[in-house]
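Here's the letter readout for the chains.
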Amino acid sequence: MAEGKAWRPYLSEFHADRAGITERILERSGDEGDEPYGWMSERIPSEGVVLDVACGSAPLAPRIGPERYIGVDLSTEELRLAAGRGAGGLVIADATRLPFGDGSVDAVVCSMALQVLTPLPEALAEASRVLRRGGVFTAMYPVSGPLSGWDAVFALRLLWSLRSRIGAPNEGPLRRPAALVRSVGLRLRAVESRCFHFPLNTRADIGAYMDSLYVPSVGRERYRRARSAMERSSWFGYAPVPLVRLSAVKED
Ligand SMILES: C[S@@+](CC[C@H](N)C(=O)[O-])C[C@H]1O[C@@H](n2cnc3c(N)ncnc32)[C@H](O)[C@@H]1O
């Protein structure tokens, strides 16, 4: 189930059961005093209205500021968390049909969701449509590597436990980001990679990490066994979180 419509019900159930899970992992995946949302925020303009597509629990809202923040997501459970933290301007909507006018926002951000938004060309076309000319599009998404040393050993251990690869429907197109953004009228400015690390100090940490993975092709029993196997591998100490941040500009 790597492609298409089958993802929608899987994602919907996943986020209903585990709202806020992505934020719980990333906010603790710090390296050298920095964490992923802070790293991504360096590429978000400091002025103007910012639309956060697939905002989830709205971890970017405090960094952007409530007065210029609009968050959109399909999950009511995620949006409930976002509202609870005081993020204003929250809208339940599909990333492929944004309820905003052409050129109506100064920046669009998309954190940890480009890999799962389907169909991706439609979601990107919508992001570009609502962005004003010269406006900035910033995204952050997970990648599988490159990993080295213990990070690579951890990834192999995890894949062996799950007996399945961890993949998302848009992995392939995201390997060619310049062509992807160009097709919707955006000009690529930068694609940068960084590997953060989530600490695995307790069994609960390992459980939270396992819960954050999209693994639609792994059955319940296999997942339960993989989770127990990873709990016994706590000597790893941390899990790698390899990410890409992308920024692009809407063509004049
Ligand atoms: C991995 S979470 C990321 C949440 C948040 N941006 C973050 O960085 O923590 C992916 C989010 O995408 C949302 N999502 C998935 N498909 C969507 C769609 N078609 N339209 C809007 N939101 C969608 C999910 O509900 C979920 O909140």
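Computed from a predicted model, the values in this text were never measured in an experiment. (Residues numbered from 1 in each chain as written. Predicted model: local features only at pLDDT ≥ 70, side-chain atom pairs only at ≥ 80, totals over all residues. Heavy atoms only, no water.)

Novice: Quick question: what am I supposed to make of the site of the ligand here?
Specialist: Contacts to the ligand come from 22 residues, most closely from Tyr37, Ala54, Asp73, Ala95 and Ser111. Interatomic distance of 3.4 Å between a backbone N/O atom of Cys55 and a nitrogen atom of the ligand. Within the backbone of Leu74, one N or O atom sits 3.4 Å away from a nitrogen atom of the ligand. Burial of the ligand by the surrounding chains reaches 96%, relative to a free accessible area of 590 Å². (Near = heavy atom within 4 Å. Polar contact = N/O pair within 3.5 Å; in protein donor to acceptor, adjacent residues only side chain to side chain. Areas by Shrake-Rupley, 256 points an atom, 1.4 Å probe, with all protein chains shown as cover.)

Novice: How should the packing of helix H7 (residues 149-162) against helix H11 (residues 220-231) be read in this particular structure?
Specialist: Packing of H7 against H11 leaves a shortest axis separation of 8 Å and a crossing angle of 145 degrees. Crossing angle aside, the handedness with which H7 passes H11 is right-handed. Contacts from Phe154, Arg157, Leu158, Ser161 and Leu162 of H7 reach H11 at Arg222, Tyr223, Ala226, Ala229 and Met230. Among the residues forming the contact of H7 with H11, the class breakdown is seven nonpolar, one polar and two charged. (Axes fitted to C-alpha atoms, helices over the stretch in contact; angles between N-to-C directions. Helix = DSSP H or I, 4+ residues; strand = E, 2+ residues; numbered from the N terminus. Left-handed = near helix turned anticlockwise from the far one by under 90°. Contact = heavy atoms within 4.5 Å. Nonpolar A, V, L, I, M, F, W, Y, C, P; charged D, E, K, R; others polar.)

Novice: When you look at the packing of helix H10 (residues 203-211) against H11 in this model, what are you seeing that I'm missing?
Specialist: When two helices pack together, their arrangement is given by the angle between the helix axes and the distance between those axes. At their nearest, the axes of H10 and H11 sit 9 Å apart, and the two run at 140 degrees to each other. The angle between H10 and H11 places the two elements in the oblique class. Here H10 runs over H11; the crossing is right-handed. Mapping the contact onto sequence places Arg203, Ile206, Gly207, Met210 and Asp211 in H10 and Tyr223, Ala226, Arg227, Met230 and Glu231 in H11. (Parallel < 35°, antiparallel > 145°, perpendicular 65-115°, else oblique.)

Novice: Explain the state of the cysteines here, please?
Specialist: In protein structure, a disulfide is the covalent linkage between the sulfur atoms of two cysteines. Applying the stated rule across the entire model yields zero disulfides. There is no disulfide at Cys110, and the cysteine sulfur nearest it, in Cys55, is 10 Å away. (Disulfide = S-S within 2.5 Å.)

Novice: I keep staring at the packing of aromatic side chains and nothing clicks. Help me out?
Specialist: For any pair of aromatic rings, the description consists of the separation of the ring centres together with the inter-plane angle of the planes. Within this structure, the stated rule accounts for eight aromatic pairs. Ring geometry for Tyr10 and Phe14: centres 6.0 Å apart, planes at 40 degrees, overall tilted. Placement of the pair is Tyr10 and Phe14 together in helix H1 (residues 7-17), with a separation of four residues, close to one helical turn. For the pair shown, Tyr10 and Phe14 are each scored as buried. (Phe/Tyr/Trp six-rings, centres within 6.5 Å; stacked < 30°, edge-to-face > 60°. Buried < 20%, exposed > 50% of the residue type's maximum accessible area, 1.4 Å probe, protein only.)

Novice: Teacher, can you tell me more about a nonpolar patch on the surface here?
Specialist: Taken together, Trp150, Val153, Trp235 and Tyr238 make up a surface patch of nonpolar side chains, about 460 Å² in accessible area. Looking at where Trp235 falls in the secondary structure, it is placed in the loop between H11 and strand S7 (238-250). (Patch = residues over 30% accessible without salt bridge, like charges linked within 9 Å, V, L, I, M, F, W, Y side chains within 5 Å. Salt bridge = Lys/Arg side-chain N within 4 Å of Asp/Glu carboxyl O.)

Novice: I tried to follow unusual backbone geometry on my own but got confused; where do I start?
Specialist: In terms of backbone geometry, most residues other than glycine have negative phi values and most peptide bonds are trans. Residue Pro119 is reached from Thr118 by a cis peptide bond, and omega for that bond is -15 degrees. Mapped onto the secondary structure, Pro119 falls in the loop between strand S4 (105-111) and helix H6 (120-130). Cis peptide bonds are those with omega within 30 degrees of zero, and the linkage from Gly145 to Pro146 qualifies with 10 degrees. The backbone of Ala54 sits at a positive phi, close to 60 degrees, despite the residue not being glycine. Residue classification places Ala54 among the buried residues on the basis of a relative accessible area of 19%. Positive phi values are uncommon outside glycine, yet Ala58 reaches one of about 65 degrees. Within the element layout of this structure, Ala58 appears in the loop between strand S1 (50-53) and helix H4 (61-64). The exposure class assigned to Ala58 is buried, which follows from its relative accessible area of 0%.

Novice: Any chance you could explain the nonpolar core here in plain terms?
Specialist: Core analysis: the largest hydrophobic core is formed by 47 residues, its most contacted members being Met140, Phe154, Leu158, Leu162, Tyr209 and Met210. In terms of residues, this core owes the most to one element, H1, which gives four residues. Ignoring sequence-local partners within four residues, the contact set of Phe154 consists of Leu200, Tyr209, Met230, Phe236, Tyr238, Ala239 and Pro240. In terms of nonpolar packing, the next biggest core, distinct from the first, is built from 32 residues, Val53, Ala93, Ala139 and Val184 among them. (Core = buried A, V, L, I, M, F, W, Y, C linked by side-chain atoms within 4.5 Å.)

Novice: Explanation requested: the sheet that holds S7 in the structure shown.
Specialist: Two modes of strand pairing occur in sheets, parallel and antiparallel, and in both the strands are linked by backbone hydrogen bonds. With mixed pairing, the seven strands of this open sheet are ordered in space as S3-S2-S1-S4-S5-S7-S6. Each having just a single partner strand, strand S3 (90-92) and strand S6 (186-199) make up the two edges of the open sheet. If you compare each strand with its neighbour and ignore which way they point, the axes differ by 20 degrees on average. Strand direction decides the pairing type here: S1 and strand S2 (residues 69-73), joined by four bridges, are parallel. Along S2, the bridge assignment pairs Val50 with Tyr69. (Pairing = 2+ DSSP bridges.)

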